[in-house]
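# Residue-level structure breakdown
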Amino acid sequence: YGPATCIRSVSCVADTTMIKTADGMNKLARELKIGGEIMTFTNDATDKHFASKIKDIKITPDTLVLQINGLTATANHFFVTANRGKVVAEDLQIRDILVKADGSKEAVSSIARLKDKVTVYNFYTEKGDGFIANDILVYSITAGAEPAKK
């Protein structure tokens, strides 16, 4: 599989988003490669993070996005919240409580629809339901799913 395109039903984060890698470092989304490992989690255990290989990367240029507390993502990207569970970015509200990688909580303090379009990325991983973006737990609705063949 090679890089493909994020589609409307696939949620993505901006190319400048910092993704937690298996070695505990953060890399820009645009620097990650197929075969590399990122830290993931499951729906049942958002507090237990583990390394998972990237099977495929979806890339879409010129995409409209939202910025939530500095994390830039598509409107349909799911966030882990302490107060409402799995919430899509466009439905987040000021004072929703985001869950951070270390288990601490961060209230949503800013939500903005950006005017400029950006390139966005999403990751298919071998295991896991989500990943860590800008130190915030976000879901990847495609994690563990088979990517479309090109």
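Everything here concerns the structure above.
Residues numbered from 1 in each chain as written. Predicted model: local features only at pLDDT ≥ 70, side-chain atom pairs only at ≥ 80, totals over all residues. Heavy atoms only, no water.

## Structural notes on the pairing of strand 5 (residues 45-63)
Here strand 4 (residues 37-42) runs beside strand 5; their pairing, made up of five bridges, is antiparallel. When the bridges of strand 5 are listed, Thr42 appears paired with Ala45. Once strand 4 ends, the chain turns through two residues before running back antiparallel as strand 5. Of the pairings in the sheet, the one linking strand 5 to strand 13 (residues 118-125) comprises seven bridges and is antiparallel in character. Bridge pairing in strand 13 links Ile54 to Thr125. (Pairing = 2+ DSSP bridges. Helix = DSSP H or I, 4+ residues; strand = E, 2+ residues; numbered from the N terminus.)

## What about the pairing of strand 8 (residues 78-81)?
Consecutive side chains of a regular strand alternate in pointing toward one face of the sheet and then the other. Sheet analysis places strand 8 next to strand 9 (residues 85-88), joined by four bridges and oriented antiparallel. Within the sheet, the bridge partner assigned to Thr81 lies in strand 9 and is Gly85. Remark: three residues form the turn of the hairpin made by strand 8 and strand 9, two consecutive strands paired antiparallel.

## Here we look at the pattern of salt bridges
What the rule picks out here adds up to five salt bridges. Lys100 is the partner of Glu106 in a salt bridge, and the nearest nitrogen-oxygen pair spans 3.4 Å. A salt bridge links Lys100 to Asp135; its shortest N-O distance comes to 3.9 Å. You can see Lys100 sitting in the loop between strand 10 (97-99) and strand 11 (105-107) and its partner Asp135 sitting in the loop between strand 14 (130-133) and strand 15 (136-139), a full 35 residues away along the chain. One continuous salt-bridge network, built from bridges that share partners, spans Lys100, Glu106 and Asp135. (Salt bridge = Lys/Arg side-chain N within 4 Å of Asp/Glu carboxyl O.)

## Quick notes on the nonpolar core
Counting 24 residues, the largest nonpolar core has Ile19, Phe79, Phe123 and Phe131 as the members making the most contacts within it. Listed in part, the eight residues of the second largest apolar core include Phe41, Val99, Ala101 and Tyr139. (Core = buried A, V, L, I, M, F, W, Y, C linked by side-chain atoms within 4.5 Å. Buried < 20%, exposed > 50% of the residue type's maximum accessible area, 1.4 Å probe, protein only.)

## A closer look at the environment of Thr46
Positionally, Thr46 belongs in strand 5. Residue classification places Thr46 among the partly exposed positions, given a relative accessible area of 23%. Taking the C-alpha atoms as reference points, Thr46 and Val138, separated by 92 residues in sequence, lie 9.8 Å from one another.

## What to know about the packing of aromatic side chains
Scanning the model with the defined rule gives two aromatic pairs in all. For the pair Phe41 and Tyr139, a centre-to-centre distance of 5.5 Å together with 65° between the ring planes defines the contact as edge-to-face. With Phe41 in strand 4 and Tyr139 in strand 15, the pair connects residues that are 98 residues apart, well separated along the chain. Judged by relative accessible area, which is 7%, Tyr139 ranks as buried. Between the aromatic rings of Phe123 and Phe131, the centroid separation amounts to 5.6 Å while the plane-to-plane angle is 85°, which identifies the pairing as edge-to-face. The same class applies to Phe123 and to Phe131, which are both buried. Sitting above the plane of the Phe78 ring, Lys86 keeps its charged end 5.3 Å from the centroid. The ring of Tyr139 has Lys86 sitting right over it, with the charged end atom 4.6 Å from the ring centre. (Phe/Tyr/Trp six-rings, centres within 6.5 Å; stacked < 30°, edge-to-face > 60°. Lys NZ or Arg CZ within 6 Å of the ring centre and 35° of its normal.)

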